[in-house]
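Tertiary structure, described
One-letter residues, chain by chain:
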Amino acid sequence: MASGTRKPNTKHRTAVAMESLIHIEDLYKSFGEQQVLNGFSLDLYGGENLVIVGKSGSGKSVLLKCIVRLLEPDSGVLEVLGQPIPQLNQYEMDRLRTEVGFLFQGSALYDSMTVRENLEFPLRRHPEKMKGQDVESLIVETLESVGLAHTIGLMPEELSGGMQRRVALARTLILRPKIILYDEPTSGLDPITAKEIIELMLKVQRRYQASALIITHDMDCARVISNRMIILIDGRNHAEGTYAELSKSTDPRVQAFFK
Amino acid sequence: MATTYFQRSGLRRYLKETGEVWLFARRFFSEVYRRPFEWRELLHQCYIVGNQSLFLVGMTGLIMGLVLTLQTRPTMEDFGAEAYMPAMVGVSIIREIGPVVIALICAGKIGSSIGAELGSMKVTEQIAAMEVSGTNPFKYLVVTRILATTLMIPLLVIFGDAVALFGSFLVENMKGDVSFQLFFNKVFRQLSFGDLMPATIKTFFFGFAIGLIGCYKGYNSQKGTVGVGRAANTAVVVASMLLFVLDFIAVLVADIFFDL
Ligand SMILES: Nc1ncnc2c1ncn2[C@@H]1O[C@H](COP(=O)(O)OP(=O)(O)OP(=O)(O)O)[C@@H](O)[C@H]1O
Ligand SMILES: [Mg+2]
């Protein structure tokens, strides 16, 4: 995978490692007449939390879905862990997907399965990810890391929204991904629960040493978690920088996010 | 003005959808042999399909047998042919009415529930979640369900036929004092290989069609709760129509090979 690593070219580099885990350049995506992504670029480096903010409907979810190939971009460079996503065959793509966790906007727990089965589902189908540990201990350990070991036998509908989000995070973590993509991790949650989720994200990322690409319009979340931010407007990188830098920006369209 | 009519009539959409269903079926056949197999989910689905419709199929079968016998008996009596009742009812139930009516009931019950279940998994992004964890939702959700209906519908039809014959026997026993043994002797003496084989073979196709359409509609459901409702609804409508088409084809083919 070393073939795809490249030197960072951004001046706002706060990450520890220099490796680019996700490299996107000039990404275009449209639905019919509607141009959603219009030459978007980003690099995610090892160990950093990159936050992308944008208005509702600006194409944030579309961007994440392109990264895991739930959607095909129209054009542009799109590499994850050095591998060109649009060119991979199904087998290679599935292997790569185990390295990239995805937390959905609505949690997307399998509602016909218990919490245990939700976590078991990806694990059983990727036995190579167990690394000698048995399924049960991995599930319990991962649930403990999100503080929900006691819910192991419950169904998703018996959990609150915040707990569902945490179980979804556990399900993402169980394959020990190198990168985690968060699609609005705090949306639909009250401010206190949202704060808990953010703290949990920081905790588990330290524990499992994952890098994160976080999409949000919750500026509190961005302030706490981000090493670096990109503001997505009109399908393009409108501005980049740390939270502190961007909050002092004089650009009215950037300022609008900080009010 | 052929093209405008073509576009306006929705014929184009219809043809496009037919093509998509065809591709969906092809994908099923390319993935059904591929390892690893989802045995547990297959068994679970077979249980659900069977268990879900057993009572309904039994009730339908019983009433079908009762009504068919009650209604034909007077006419047969007029001809002095009531001795042929078991043979006639047996052939018509096993060859045609049983498979078609029970498959229609199952299209309503099972087709809609598969459509709704997969549809809601689709709109709540559960199917996408399976995909991004590097697992194959088509194999886990679609292949197992289509196999389950293909295997279980024939069993349900056999069960429904048996109950229907029993219902017919009840009427014969009350009105004509026919014994259990005599009734079923007469039924099975009349039935030939050429009656049983095509009737059984076509139920596998019926089961396949119900699973295929239910899964196709659910898996490609549009966003929102409206989309889920529409998936369940159109699954039933399309599957029912397809059943009649398949039945027609089955009768034509059987006519050639079994020389009815
Ligand atoms: N599968 C699709 N087909 C057609 N249009 C789509 C599709 N997915 C997204 N879009 C369109 O792309 C645009 C961006 O959608 P997206 O879901 O990425 O927004 P978002 O930035 O995530 O917003 P939110 O903050 O509300 O989640 C929307 O206008 C939407 O209508
Ligand atoms: Mg979104």
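Residues numbered from 1 in each chain as written. Chains lettered and ligands numbered in written order. Predicted model: local features only at pLDDT ≥ 70, side-chain atom pairs only at ≥ 80, totals over all residues. Heavy atoms only, no water.

**Topic: the overall build of chain A**
Note the following rule: Each helix is a run of DSSP H or I of at least 4 residues and each strand a run of E of at least 2, with the numbering of both proceeding from the N terminus. Taken over C-alpha atoms, the radius of gyration is set against a globule rule of 2.2 Å times the number of residues to the power 0.38. What makes two residues a contact is simply this: any of their non-hydrogen atoms within 4.5 Å.
From N to C terminus, chain A includes 9 helices and 10 strands. The C-alpha radius of gyration of chain A comes to 18 Å, within 12% of the 18 Å expected for a compact globule of 259 residues. When the backbone C-alpha atoms are referred to their principal axes, chain A occupies close to 50 × 40 × 40 Å. Considering only residue pairs separated by 6 or more positions, chain A has 67% of its internal contacts joining residues 24 or more positions apart.

**So, the overall build of chain B**
Threshold: Only the protein chains shown count as cover for residues, with accessible areas throughout obtained via the Shrake-Rupley method and a probe of 1.4 Å. We score Asp and Glu as negative and Lys and Arg as positive, and we do not count His or the chain ends. Here the site of a charge means NZ on Lys, CZ on Arg, CG on Asp, or CD on Glu.
Within chain B, the secondary structure is distributed over 9 helices and 0 strands. Listed by position from the N terminus, the elements making up chain B come as α-α-α-α-α-α-α-α-α. On the principal axes, the C-alpha backbone points of chain B span a range of 65 × 55 × 35 Å. Considering only contacts in chain B between residues 6 or more positions apart, those separated by 24 or more positions represent 82%. Approximately 13,600 Å² of chain B is accessible, and the part contributed by carbon and sulfur atoms is 68%. Across chain B, the 22 positively charged side chains and the 19 negatively charged ones have centroids separated by 11 Å.

**Quick look at the site of ligand 1**
All names here are of chain A. The condition that has to hold: Nearness here has a simple test: a residue counts as near a molecule or strand if at least one of its heavy atoms is within 4 Å of that partner. The definition of a polar contact used here is a pair of N or O atoms within 3.5 Å, where within protein one atom must be able to donate a hydrogen and the other to accept one, and adjacent residues in sequence count solely through side-chain atom pairs. Gly counts as polar in this scheme, as do all residues outside two lists: the nonpolar Ala, Val, Leu, Ile, Met, Phe, Trp, Tyr, Cys and Pro, and the charged Asp, Glu, Lys and Arg.
Around ligand 1, the structure places 14 residues, and the nearest of them are Q34, S56, G57, S61 and E184. Between an oxygen atom of ligand 1 and a main-chain N or O atom of V62, the distance comes to 2.9 Å. E184 is positioned such that a nitrogen or oxygen atom in its side chain is 2.7 Å from an oxygen atom of ligand 1. Protein contact buries 63% of the 630 Å² of open area that ligand 1 shows by itself. Secondary-structure elements contributing two or more residues to the shell around ligand 1 are β2 (34–45) and α1 (60–67). Residues of the shell around ligand 1, tallied by class, amount to 3 nonpolar, 8 polar and 3 charged.

**A word on the domain arrangement of chain A**
All names here are of chain A. Just so we agree on the cut-off: Residue ranges for the domains trace back to a domain assignment, done automatically or taken from a database. A quick way to say it: buried area is the sum, across both parts, of accessible area lost when two parts are put together, with a 1.4 Å probe. Each salt bridge in this description consists of a side-chain nitrogen of Lys or Arg and a carboxyl oxygen of Asp or Glu lying within 4 Å of one another.
As far as domains go, chain A holds domain 1 (20–99 + 177–258) and domain 2 (108–176). Here domain 1 packs against domain 2, burying approximately 1,500 Å² in sum over the two surfaces, 65% of which is carbon and sulfur. The three residues of domain 1 that bury the most area against domain 2 are T98, P177 and Y208, which together make up 37% of that side's buried surface. The interface formed by domain 1 and domain 2 includes 4 salt bridges.

**Description of the coordination of the magnesium ion (ligand 2)**
As a reminder, the rule being used: Donor atoms (N, O, S) are those found within 2.8 Å of the metal centre, with the cutoff raised to 3.2 Å for Na, K and Ca; water is not part of the atom list, so apparent gaps in a site can occur.
Protein coordination of the magnesium ion (ligand 2) is provided by S61 of chain A (OG) and Q105 of chain A (OE1), with donor distances spanning 1.9 to 2.6 Å. Note that S61 of chain A is positioned in helix α1 and Q105 of chain A in the loop between β6 (100–103) and α3 (115–124), a separation of 44 residues in sequence.

**With respect to the side chain of D94 of chain A**
Relative to the helices and strands, D94 of chain A resides in helix α2 (residues 90–97). Those residues in contact with D94 of chain A that lie beyond four places of it in its chain are H126 of chain A together with E131 and G134 of chain B.

**Brief notes about the environment of S92 of chain B**
Relative to the helices and strands, S92 of chain B is located in helix α4 (residues 85–123). Beyond its immediate stretch of four places on either side in the chain, S92 of chain B contacts L68, I97 and G98 of chain B.

**A word on the interface of chain A and chain B**
Taken together, the contact between chain A and chain B spans 21 residues of the former and 14 residues of the latter. Roughly 1,600 Å² of surface becomes buried between chain A and chain B when both sides are summed, with 56% attributable to carbon and sulfur atoms. Taken as a group, F104, Y110 and R125 of chain A account for 29% of the area that chain A buries against chain B, more than any other trio of residues on that side. Summed over the shared surface of chain A and chain B, the number is 2 salt bridges. The partner of E125 of chain B in a salt bridge is K65 of chain A, with the nearest N and O atoms 3.0 Å apart. Counting across the interface, chain A meets chain B through 7 residue pairs in polar contact (both at pLDDT 80 or more). Broken down by element, the side of chain A that touches chain B gets its largest block of residues, 3 residues, from α3 of chain A.

**Some words on the sheet that holds strand β1 (residues 20–31) of chain A**
Residue and element names in this part refer to chain A. Note the cut-off: In this analysis, strands are considered paired if DSSP registers two or more bridges between them. Here an axis means a line fitted to C-alpha atoms, over the contact stretch when the element is a helix, while the angle between two N-to-C directions is reported on a 0 to 180 degree scale.
The 4 strands lie next to each other as β2-β1-β4-β5, forming an open sheet whose pairing is antiparallel. Of all the strands in the sheet, the pair left with one neighbour each is β2 and β5 (83–84). Note: β1 against β2, 9 bridges, orientation antiparallel. Across the sheet, K29 pairs through a bridge with L37, a residue of β2. Across the sheet, α1 lies against β1, β2 and β4 (75–80), angled at about 120° from β1, the strand it touches most.

**Some remarks on helix α9 (residues 224–258) of chain B**
Residue and element names in this part refer to chain B. The test is simple: Every helix has an expected span of 1.5 Å times one less than the residues it contains. Think of it in three bands: with a 1.4 Å probe and only protein chains considered, a residue is buried below 20% of the maximum accessible area for its type, exposed above 50%, and partly exposed in between.
The end-to-end C-alpha separation of α9 is 49 Å, in line with the 51 Å expected for 35 residues at 1.5 Å each. For α9, the complete set of buried residues consists of G227, V228, A231, A232, A235, A239, S240, L243, D247, A250 and A254. Buried residues in α9 make contact with α4 and α8 (193–219).

**Structural notes on the pairing of β4 of chain A**
The two faces of a sheet get side chains in turn, since along a regular strand they alternate between them. The pairing of β1 of chain A with β4 of chain A spans 5 bridges and is antiparallel. Pairing of I24 of chain A across the sheet is with L78 of chain A, part of β4 of chain A.

**A word on α1 of chain A**
Residue and element names in this part refer to chain A. For α1, the tally of buried residues reaches 8 of 8 residues, placing the bulk of the element in the interior. If you check which residues of α1 are buried, you get K60, S61, V62, L63, L64, K65, C66 and I67. Looking one or two residues past α1, R69 carries a phi angle of roughly 60°, positive in sign.

**Some details on the sheet that holds strand β3 (residues 49–53) of chain A**
All names here are of chain A. Strand order in the open sheet formed by 6 strands is β6-β7-β8-β3-β9-β10, with mixed pairing between adjacent strands. Edge positions in the sheet fall to β6 and β10 (236–241), since each of these pairs with one other strand and no more. Between one strand axis and the next, the sheet turns by 20° as a mean value, whatever way the strands run. As paired elements, β3 and strand β9 (residues 228–233) share 4 bridges and run parallel to each other. Bridge pairing links V51 to M229 in β9.

**Quick word on the confidence of the model for chain A**
Put simply, the test is: On a scale of 0 to 100, pLDDT captures the predictor's confidence in every residue.
Of all residues in chain A, 93% have pLDDT values of 70 or greater, and the mean over the chain is 89. Here residues 1–17 of chain A is a poorly scored stretch, pLDDT under 50, and it has 33 contacts once near neighbours within four places are set aside; other chains count.

**So, unusual backbone geometry**
Here the amide bond leading from R35 of chain B into P36 of chain B is cis, since omega sits at -10°, within 30 degrees of zero. Inspection of the secondary structure puts P36 of chain B in the loop between α2 (11–31) and α3 (39–78). A positive phi angle, near 50°, is found at L81 of chain A, a position not held by glycine. Structurally, L81 of chain A can be placed in the loop between β4 and β5. With a phi angle near 50°, Q209 of chain A is a residue other than glycine that sits in the positive phi range.

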